[in-house]
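Take a look at the letters that make up each chain.
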Amino acid sequence: MTSAASPHLTGGLNTLVIRGRVDADRAELTPRGELVHGCGDVLARTLAELPADVTRVDLDMADVHFMDTAGLQFLDVLGDFRRRRSLTVSVTNWNGQPRRILELAGLDTSDPLTVPDTPVPAASAVSLERAERLHVLQEEVDQLRQAIASRPVIDQARGILMATHGCTSDQAWHILRETSQLSNTKLRDVAAAVTASAEGDGPPPAALRTALQTALARRGRG
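Criteria and cut-off values
Residues numbered from 1 in each chain as written. Predicted model: local features only at pLDDT ≥ 70, side-chain atom pairs only at ≥ 80, totals over all residues. Heavy atoms only, no water. Helix = DSSP H or I, 4+ residues; strand = E, 2+ residues; numbered from the N terminus. Expected span 1.5 Å × (residues − 1). Buried < 20%, exposed > 50% of the residue type's maximum accessible area, 1.4 Å probe, protein only. Arc of directions from axis to C-beta. Core = buried A, V, L, I, M, F, W, Y, C linked by side-chain atoms within 4.5 Å. Contact = heavy atoms within 4.5 Å. Polar contact = N/O pair within 3.5 Å; in protein donor to acceptor, adjacent residues only side chain to side chain. Salt bridge = Lys/Arg side-chain N within 4 Å of Asp/Glu carboxyl O. pLDDT = per-residue confidence, 0-100. Pairing = 2+ DSSP bridges. Right-handed = clockwise from strand over helix to strand, strands pointing away.

A.B. asks: Even after reading the chapter, I still don't get helix α6 (residues 169-183), so can you show me in this structure?
C.D. replies: Because the α-helix completes a turn every 3.6 residues, residues three or four places apart line up on one side. Given a rise of 1.5 Å per residue, 15 residues ought to cover 21 Å, and the 21 Å separating the end C-alpha atoms of α6 matches this to within 8%. Within the span of α6, buried status applies to Ala172, Ile175, Leu176, Thr179, Ser180 and Ser183. Around the axis of α6, the buried residues are gathered within 130° of arc, so they sit on the same side. For α6, exposure combined with an orientation more than 90 degrees from the buried face picks out Asp170 and Gln181. Looking one or two residues beyond α6, the residue adopting positive phi is Asn184, at roughly 55°.

Spelled out as structure tokens, the structure:
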């Protein structure tokens, strides 16, 4: 049993693949990849293929390495399935960034489908609290995506500084970061300017160039 996300849902083939096996009345599912847009549909297809006599479904999430707010929809699909079929569902072994998302959403990281022992506040309070948590959650996901997108150009700029000024990788990183702070420029923009200058697209802006020279001079004194 295998279900995979389609390209039109996720923008990339097999962003999420769910493998599984059924042993007697128990189904064991192993999602692999990312919980992003379309993950709920992949899960729904997988659950629809389970035999009618299954009474327990266990999901091992150890191979899920990234999730955004669509991961909460994934959990909603599981919860709806559990209620409709009146069976036991567990979703465990969360690690890394997905586990952090569960923490921000205020869910039990050992099994987010666990029913809390504490009394549930009024519906309006729950809605407001969830909205605030989702806002924080989305900000963290956006920051992570920006960091991932910025990594190649920053690594390239570090390589240029290492080759041009004979510094180590760590020293190049500190030079870029200090230039960013001195010029009040985003680190990615500093790296892009250094890379563009090395490729012959002209020198960086004056303020950034001055900050870079200062950072290089401080590295030399150090």
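A.B. asks: Where do I start with the nonpolar core in this structure?
C.D. replies: When a protein is soluble and globular, its nonpolar side chains tend to lie buried together. The biggest cluster of nonpolar side chains holds 30 residues, and the ones touching the most others in it are Leu35, Val57, Leu59, Phe74 and Leu78. Secondary-structure elements contributing two or more residues to this core are β2 (16-23), β3 (26-35), α2 (39-48), β4 (56-60), β5 (63-67), α3 (70-85), β6 (88-92) and α4 (96-104). Sort the elements by how many residues they give to this core and α3 lands first, with six residues. Setting aside chain neighbours within four positions, we find Leu59 in contact with Leu29, Pro31, Leu43, Phe74, Leu78, Val89, Ser90, Val91 and Thr92. Val153, Ala157, Ile175 and Ala193 belong to the second-largest nonpolar core, a separate cluster that totals 18 residues.

A.B. asks: Explain the side chain of Ser183 to me, please; I cannot follow it from the model alone.
C.D. replies: On the secondary structure map, Ser183 appears in helix α6. Residue classification places Ser183 among the buried residues on the basis of a relative accessible area of 17%. Within the structure, Ser183 has its side chain in polar contact with the side chain of Thr185 (distance 3.0 Å).

A.B. asks: Please explain helix α7 (residues 187-198) as it appears in this structure.
C.D. replies: Along its twelve residues, α7 runs 17 Å from first to last C-alpha, staying within 8% of the 16 Å computed at 1.5 Å per residue. For α7, the set of buried residues is Leu187, Val190, Ala191, Ala193, Val194 and Thr195. One or two positions beyond α7, positive phi appears at Gly200, with a value near 85°.

A.B. asks: In this structure, what is going on with the pattern of salt bridges? I would like to understand it.
C.D. replies: Two side chains that carry opposite charge are able to pair once their charged atoms sit near each other. A full pass over the atoms with the stated rule returns nine salt bridges. Its salt-bridge partner being Asp80, residue Arg83 comes within 2.3 Å of it at the nearest N-O pair. Here the residue Arg83 and the residue Asp80 both occupy positions in helix α3, the gap between them amounting to three residues, near one helical turn. Its relative accessible area of 55% is what places Arg83 among the exposed residues. The class for Asp80 is partly exposed, based on a relative accessible area of 36%. For Glu178, the salt bridge is made with Arg218, and the minimal N-O distance between the two is 2.3 Å. Placement of Glu178 in helix α6 and of Arg218 in helix α8 (residues 206-221) is noted, with a sequence separation of 40 residues between them. Residue Arg218 is classed as partly exposed on the basis of its relative accessible area of 37%. Several salt bridges share partner residues, and in doing so they unite Arg21, Arg26, Glu28, Arg56 and Asp58 into one network.

A.B. asks: Even after reading the chapter, I still don't get the confidence of the model for the protein, so can you show me in this structure?
C.D. replies: Detailed reading of the predicted coordinates is not advisable wherever pLDDT falls low. A residue-level look at the protein finds 76% of positions with pLDDT of 70 or above and a mean pLDDT of 80. No element of the protein has a lower mean pLDDT than helix α1 (residues 7-10), which averages 34, and none a higher one than β4, which averages 96. Counted against residues more than four places away or in other chains, residues 4-14, with its pLDDT under 50, gives 21 contacts. In this model, residues 117-124 is a region of pLDDT below 50 whose contacts with residues beyond four sequence positions or in other chains number two contacts.

A.B. asks: Explain the pairing of β3 to me, please; I cannot follow it from the model alone.
C.D. replies: Looking down a regular strand, the side chains alternate between one sheet face and the other. For β2 and β3, the ladder comprises eight bridges, and the chain directions are antiparallel. Within β3, the residue paired with Arg21 across the bridge is Glu28. As consecutive antiparallel partners, β2 and β3 are separated by two residues, and within that stretch Ala24 has a phi angle of approximately 60°, a positive value. Tracing the backbone out of β3, into α2 and back to the parallel element β4 gives a crossover that is right-handed.

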